[in-house]
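Reading the structure
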Amino acid sequence: MPVELVLRDRKFQVSAGQTIRQALENLDIIPETVLPVRKGKLVAEDEILKEGESIRLVAVISGGCGDRPR
Amino acid sequence: MKCRKCGERAVLNMRQHKLALCADHFATWVPEQTQRFIEKYKMFGPDDRILVAVSGGKDSLALWDVLVRLGYHADGLYLGLGIDGGTGYSAESFQRCQAFAESRSLVLHHVDVAETEGASIPVASSLTHRGRGKPCSVCGMTKRHIMNQKTRELGYDVLATGHNLDDEVAVLFGNTLTWSVGYLARQGPVLEASTLGLARKVKPFFRFYERETAAYALIRGIDYIYDECPHSVGATSLAYKDVLNRMESERPGAKLSFYLSFLQAKEGGLFRQESEAVVELLHACTSCGQPTTAPGLCAYCRTWEQVRARSAAPA
């Protein structure tokens, strides 16, 4: 069973058995821009993805306010 | 991956520090590091009264949480900008700040821009040349002005903002691409007060990556507004952050090194001439008294006078 990665309203199906970081890189999601959450708990990106699980990716990049040099 | 302090399973790997920590140790590491930066950069002392600018987002609420945990007298300031964007953005962000303050019995000051100035930020930007097309310019200018004004009026020693290292590096990157030496000269984690009416401003989170402030907010159970301001879509700073994070992914520590090298160069006098030139050129605004680079009205007073005049004019 594939693994589901959920980033805001986007869902990605990836293979189990790889690390979260590997899966993100394959999807061209920069690992530095998200935090993986498994069953409501933050997990490190070297965790191995398990069959059938769902991982929420919390986007961490914010900004754009006062969009001018300062 | 194991926590370096206790050997339990780590939840965050900070590759730029070669440091992985579990949730509990990360939640104590952040305040320890913040205190270290406050002292190292001489931001404020234990007796100072601090006004924290809060937006309802992860950085500002996490900063408020950390300062209170460290025992500082830290009150909040929320600016109601009147941004809806179909999601009630401002209303929801205010509600997050209120809930945070109430749950911890903290003081939260609130300024509603539409009430004090006569128009919300989106309306104001539609009525001025400065804001045509996008309200971010009017918004940024208004926030800076009111935060400075309130810090002084309410008698706080310092204004603290939740800017993190990614914010700072994105600005530095933009200013470097255009060699905006005037802006480069003024950028830094501590902006000193001036006799011309500028309050002291500090950024105690400026050494943390954005990922770390978000992780802290999640671990501490801080209920922050997750959605971005609807006007931030396509912002240049977000494009810069994307480029910088791609570099960081390839070379851990690239962002931190870029910023610290900049501070070191500045300390060494790289922009000394420009810093002195800025101070010499400042005048007091003839209406509000805040400093401005040209004699007469400051950009804030000029913009909002124009907004009020155009609001009152018959269509």
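The following refers to the structure shown. Only a predicted model underlies this, so the values are computations on that prediction, with no experimental measurement involved. (Residues numbered from 1 in each chain as written. Chains lettered and ligands numbered in written order. Predicted model: local features only at pLDDT ≥ 70, side-chain atom pairs only at ≥ 80, totals over all residues.)

Describing the overall build of chain A
This is how the line gets drawn: Helix and strand assignments come from DSSP, with helices taken as H or I runs of at least 4 residues and strands as E runs of at least 2, each series counted from the N terminus. Any residue with 12 or fewer other C-beta atoms within 10 Å of its own C-beta is exposed, any with 20 or more is buried, and the rest are partly exposed; the C-beta atoms used are placed from the backbone. A pair of residues counts as a contact when their C-beta atoms, built from backbone coordinates, are separated by no more than 7 Å.
Along chain A, the regular secondary structure elements total one helix and five strands. Moving toward the C terminus, one meets the helices and strands of chain A in the order β-β-α-β-β-β. Looking at chain A as a whole, 34% of its 70 residues qualify as buried. Restricting the contact set of chain A to residue pairs at least 6 apart, pairs at least 24 apart contribute 55%.

Topic: the sheet that holds strand β2 (residues 10-14) of chain A
Going by this rule: DSSP bridges decide pairing: two strands pair if at least two such bridges lie between them. To obtain an axis, a line is fitted to C-alpha atoms, over the contacting stretch when the element is a helix, and the angle between two such axes runs from 0 to 180 degrees between their N-to-C directions.
If you trace the five strands from one edge of the open sheet to the other, you get β2-β1-β5-β3-β4 (chain A), paired in mixed fashion. What marks the edges here is a single partner per strand, and that holds for β2 and β4 (41-42) of chain A. Lying over the sheet, helix α9 (residues 210-219) of chain B contacts β3 (34-38), β4 and β5 (54-59) of chain A, oriented at roughly 25° with respect to β3(A).

A look at the sheet that holds strand β6 (residues 158-160) of chain B
All names here are of chain B. The strand order β5-β4-β3-β6-β8-β7 describes an open sheet built from six strands, whose pairing is mixed. Edge positions in the open sheet fall to β5 (108-112) and β7 (190-191), since each of these has one partner strand only. The pairing of strand β3 (residues 49-54) with β6 spans three bridges and is parallel. Each residue of the ladder has a partner; that of Leu 51, found in β6, is Leu 159. Contacts from helix α2 (residues 58-69) reach β3, β4 (73-80) and β6, with the element oriented near 155° to β3. Each of β3, β4 and β5 is contacted by helix α3 (residues 89-103), which is oriented at about 165° to β4, the strand it contacts most.

So, the pairing of β4(B)
Residue and element names in this part refer to chain B. Stated formally: Orient the strands so they point away from the viewer; a crossover is then right-handed if the path from the first strand over the helix to the second runs clockwise.
Pairing of β3 with β4 involves six bridges; the strand directions are parallel. By the bridge assignment, Val 52 is partnered in β4 with Gly 76. Viewed along the sheet, the connection from β3 through α2 into β4 turns out right-handed. Where β4 lies against β5, five bridges are found, and the strand directions are parallel. Residue pairing in the sheet places Leu 77 in a bridge with His 109 of β5. Assessed by its sense of winding, the connection that carries the chain from β4 through α3 to β5 is right-handed.

Here we look at the environment of B:Leu172
Residue and element names in this part refer to chain B. By secondary structure assignment, the location of Leu 172 is in helix α7 (residues 165-177). Leu 172 sits 24 residues away from Leu 196 along the chain, and the two C-alpha atoms are 26 Å apart. Filtering out sequence-adjacent residues up to four positions away, Leu 172 remains in contact with Gln 187, Phe 258, Tyr 259 and Phe 262.

A closer look at the environment of B:Gln290
All names here are of chain B. Mapped onto the elements of the fold, Gln 290 is located in the loop between β9 (283-284) and β10 (291-292). C-beta crowding within 10 Å serves as the criterion here: with 21 such atoms nearby, Gln 290 is assigned to the buried category. Taking the C-alpha atoms as reference points, Gln 290 and Ala 124, 166 residues apart in sequence, are found 21 Å from one another. Apart from residues no more than four positions distant in its own chain, Gln 290 is found in contact with His 145, Asn 148, Gly 197, Cys 285 and Cys 298.

Examining unusual backbone geometry
The phi torsion at A:Lys39 lies on the positive side, around 50°, for a residue other than glycine. Structurally, the position occupied by A:Lys39 is in the loop between β3 and β4. Residue class for A:Lys39 comes out exposed when judged on the 9 C-beta atoms lying within 10 Å of it. Backbone geometry places B:Ser105, a non-glycine residue, at a positive phi of 55°. Mapped onto the secondary structure, B:Ser105 falls in the loop between α3 and β5.

A look at helix α10 (residues 236-250) of chain B
Residue and element names in this part refer to chain B. Rules: In this scheme, a helix's expected span is set at 1.5 Å multiplied by one less than its residue total. What the arc covers is the set of directions going from the helix axis to the C-beta atoms.
Taking 1.5 Å per residue, 15 residues should reach 21 Å; α10 reaches 22 Å between its end C-alpha atoms and fits that length. All of the buried residues along α10 are Ser 237, Lys 241, Leu 244, Asn 245 and Glu 248. For α10, the buried positions fall inside an angular range of 105° around the axis, keeping them on one side. Facing away from the buried side of α10, by more than 90 degrees, are the exposed residues Val 243 and Glu 250.

As for the pairing of β3(A)
Residues and elements named next belong to chain A. Of the pairings in the sheet, the one linking β3 to β5 comprises five bridges and is antiparallel in character. Residue pairing in the sheet places Pro 36 in a bridge with Leu 57 of β5. In terms of strand pairing, β3 meets β4 through two bridges, oriented antiparallel. Residue pairing for β4: Val 37 is matched across the bridge by Leu 42. Taking the residues that link successive antiparallel strands as the turn, the β3-β4 hairpin has two residues, and the phi of Lys 39 there is positive, at about 50°.

Comments concerning the nonpolar core
Let me state the cut-off plainly: Remark: nonpolar core denotes a set of buried Ala, Val, Leu, Ile, Met, Phe, Trp, Tyr and Cys residues whose joining runs through C-beta atoms within 7 Å.
Formed by 91 residues in total, the largest nonpolar core has its most connected members in B:Leu12, B:Ile50, B:Val52 and B:Leu67. Apart from the residues lying within four places of it in its own chain, the contact partners of B:Val52 are B:Ser60, B:Leu63, B:Trp64, B:Leu67, B:Ala74, B:Asp75, B:Gly76, B:Leu77 and B:Ala160.

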